[in-house]
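One-letter residues, chain by chain:
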Amino acid sequence: MKKSFLIAFALLCCEQFQAQEKKFNLVIGTYTKSCESKGIYVYDFDAETGVSQFKSATENIINPSFVTVSKKNDFVYSVNEDGPKSTVSAFSYDSKNAKLDFLNKQKIQNPGPCYIINDDKNVITANYTGGSVAVFGKNKNGSLTELKQLIEHSGKGVNPARQEKSHVHSVQFSPDHKLVLATDLGTDKLYVYQYDSKAVKPLALKDSISVKAGSGPRHFVFSKNGRKLYLLQELDGTLSVFDYKKGKMQLVQETTVVADGFTKPFTAADIHISPDEKFLYATNRKEANTISCFKILKDGKLALASRISTLGDGPRNFAIDPSGNFLLVGHQYTNNVVVFKRNKETGALTDTGKRIELCAPVCLVFTEK
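Residues numbered from 1 in each chain as written. Predicted model: local features only at pLDDT ≥ 70, side-chain atom pairs only at ≥ 80, totals over all residues. Heavy atoms only, no water.

1. Topic: the overall build of the protein chain
Here's step 1: From N to C terminus, the protein chain includes one helix and 28 strands.
Here's step 2: Against the 2.2 N^0.38 benchmark of 21 Å for 369 residues, the protein chain shows a C-alpha radius of gyration of 20 Å, consistent with a compact globule.
Here's step 3: Along the longest, intermediate and shortest principal axes, the C-alpha atoms of the protein chain span 75 × 50 × 40 Å.
Here's step 4: When the 369 residues of the protein chain are sorted by exposure, 56% land in the buried category.
Here's step 5: Pairs at least 24 residues apart make up 47% of the contacts formed inside the protein chain by residues separated by at least 6 positions.
Here's step 6: Within the protein chain, one finds 49 positive and 38 negative side-chain charges whose respective centroids are separated by 4 Å. (Helix = DSSP H or I, 4+ residues; strand = E, 2+ residues; numbered from the N terminus. Rg over C-alpha atoms; globule rule 2.2 N^0.38 Å. Buried < 20%, exposed > 50% of the residue type's maximum accessible area, 1.4 Å probe, protein only. Contact = heavy atoms within 4.5 Å. Lys, Arg positive; Asp, Glu negative; His and termini not counted. Charge placed at Lys NZ, Arg CZ, Asp CG, Glu CD.)

2. Examining the pairing of strand S6 (residues 87-94)
For a regular strand, side chains alternate in direction, first toward one face of the sheet and then toward the other.
Here's step 1: Across the eight residues that make up S6, a large majority, six, are buried.
Here's step 2: For strand S5 (residues 75-80) and S6, the ladder comprises six bridges, and the chain directions are antiparallel. Considered in S6, the bridge of Ser-78 is made with Ser-89.
Here's step 3: Remark: six residues form the turn of the hairpin made by S5 and S6, two consecutive strands paired antiparallel; Gly-83 in that turn has positive phi of roughly 55°. (Pairing = 2+ DSSP bridges.)

3. Considerations on the state of the cysteines
Here's step 1: In total, this model carries one disulfide according to the counting rule given.
Here's step 2: The disulfide partner of Cys-35 is Cys-359, and the S-S distance across this bridge is 1.8 Å. Between Cys-35 and Cys-359 the sulfur-sulfur dihedral comes to about 90°; the bridge is accordingly right-handed. One end of the pair, Cys-35, is in the loop between strand S1 (23-30) and strand S2 (40-46); the other, Cys-359, is in the loop between strand S27 (349-357) and strand S28 (361-367), with 324 residues separating them in the sequence.
Here's step 3: Note on Cys-35: relative accessible area 24%, which makes it partly exposed. (Disulfide = S-S within 2.5 Å.)

4. Quick look at the nonpolar core
The nonpolar side chains of a soluble globular protein tend to be buried with one another.
Here's step 1: Judged by nonpolar contacts, the single largest core of 45 residues is most densely connected at Ile-124, Val-171, Val-180 and Leu-203.
Here's step 2: Each residue touching Ile-124, except ones within four places of it in the same chain, is listed here: Tyr-115, Ile-116, Ile-117, Val-133, Ala-134, Val-135, Val-171, Phe-173, Val-180 and Tyr-195.
Here's step 3: One finds Leu-26, Ala-47, Phe-326 and Ile-356 within the second-largest nonpolar core, a separate group that totals 16 residues. (Core = buried A, V, L, I, M, F, W, Y, C linked by side-chain atoms within 4.5 Å.)

5. What to know about the side chain of Ser-132
Here's step 1: Along the chain, Ser-132 falls in strand S10 (residues 132-138).
Here's step 2: Accessibility expressed as a relative area gives 0% for Ser-132, which makes it buried.
Here's step 3: A distance of 2.6 Å separates a polar atom in the side chain of Ser-132 from a polar atom in the side chain of Asn-110. (Polar contact = N/O pair within 3.5 Å; in protein donor to acceptor, adjacent residues only side chain to side chain.)

6. Concerning the packing of aromatic side chains
Here's step 1: In the structure shown here, the tally under the stated rule is ten aromatic pairs.
Here's step 2: Between Phe-66 and Tyr-115, the aromatic rings sit 4.3 Å apart at their centres with planes inclined by 25°, giving stacked as the arrangement. One end of the pair, Phe-66, is in the loop between strand S3 (52-57) and strand S4 (67-69); the other, Tyr-115, is in strand S8 (residues 113-118), with 49 residues separating them in the sequence. No difference in accessibility class separates Phe-66 from Tyr-115, as the two residues are buried.
Here's step 3: Centroid distance Phe-173 to Tyr-195: 5.3 Å. Interplanar angle 55°. Geometry classified as tilted. A residue pair is termed long-range when its members are at least 10 positions apart, and Phe-173 in strand S12 (residues 168-173) and Tyr-195 in strand S14 (residues 189-195) qualify at 22 residues. For the pair formed by Phe-173 and Tyr-195, the shared burial category is buried.
Here's step 4: Three or more aromatic residues joined by ring pairs make a cluster, and in this case those are Tyr-41, Tyr-43 and Phe-54.
Here's step 5: Over the ring of Phe-326 we find Lys-341; its NZ or CZ atom is 4.6 Å from the centre of that ring. (Phe/Tyr/Trp six-rings, centres within 6.5 Å; stacked < 30°, edge-to-face > 60°. Lys NZ or Arg CZ within 6 Å of the ring centre and 35° of its normal.)

Laid out in structure tokens, this is it:
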């Protein structure tokens, strides 16, 4: 009898643990000036059902359009797009209670921050309007130091309307964390910086890699093994596959997120790989408003599997929950997040009918609770 009770108790604990594993926090960055928004929102997300529940929001935070969460899940950092008054903000993050508390903010001294990453020592932003990369240190309490380093790019591209100057659109650490890579939409280049997290000036230019003229490199992702880099180009919709090793890249394939025969305006946006690394997804905005699903082949190359409407306007950012069950698309102009169910075998997306209604969601990040 006692043995049976212990087995039943163990099974119950296991079921409860698995249930907890299927619940995550969803942190959403928004624009605050186009409609009513408090800034950063935190929702509870059930990865079994796709149901979300509002938990908390910041107060009076200006345009926290892109956010990043610390490795230990205890701090959140955001850009604050505000023209020449742009800043970076730090928040303590109580993930269990889904609560953010403002710590401090620092001036970027360069306009248009649009992407942000962090590690144990530093917070790094890509600044679109200013065409620069900025580095801030971290204090022991998670707050930000004053600006440590600002690197301004120069040059232009062949598209006079969009490439009149440098426009840095994203930054990411390399898989070995020894480099930081930055995409420059304005100059059609990827910049490779040597990274020393403890240095007074952590970044030192190592190389720059040119891509197709007029393509406008925007966002990119690495494969888990670090051997492939997938680059999405905003201006012509190209999706490029590179062999990658220690900052060196070799182009091995080019495909596109633009449907055959589509001639209306578009701007490619976001790119992510499913947790099982079987599929890659990428969005396309303006009059396209689609998300493309590509099967990742054994050699790392891509094969188009499907392409569907995102069911909204301006799919600037999306996220796949850590279980891989759902893909959520944030729409900047229709002011909602659309929840899609993922078929893990085919990669196909189907509308669940579930929506998160909020002002201009433009960054979605899942975290542990």
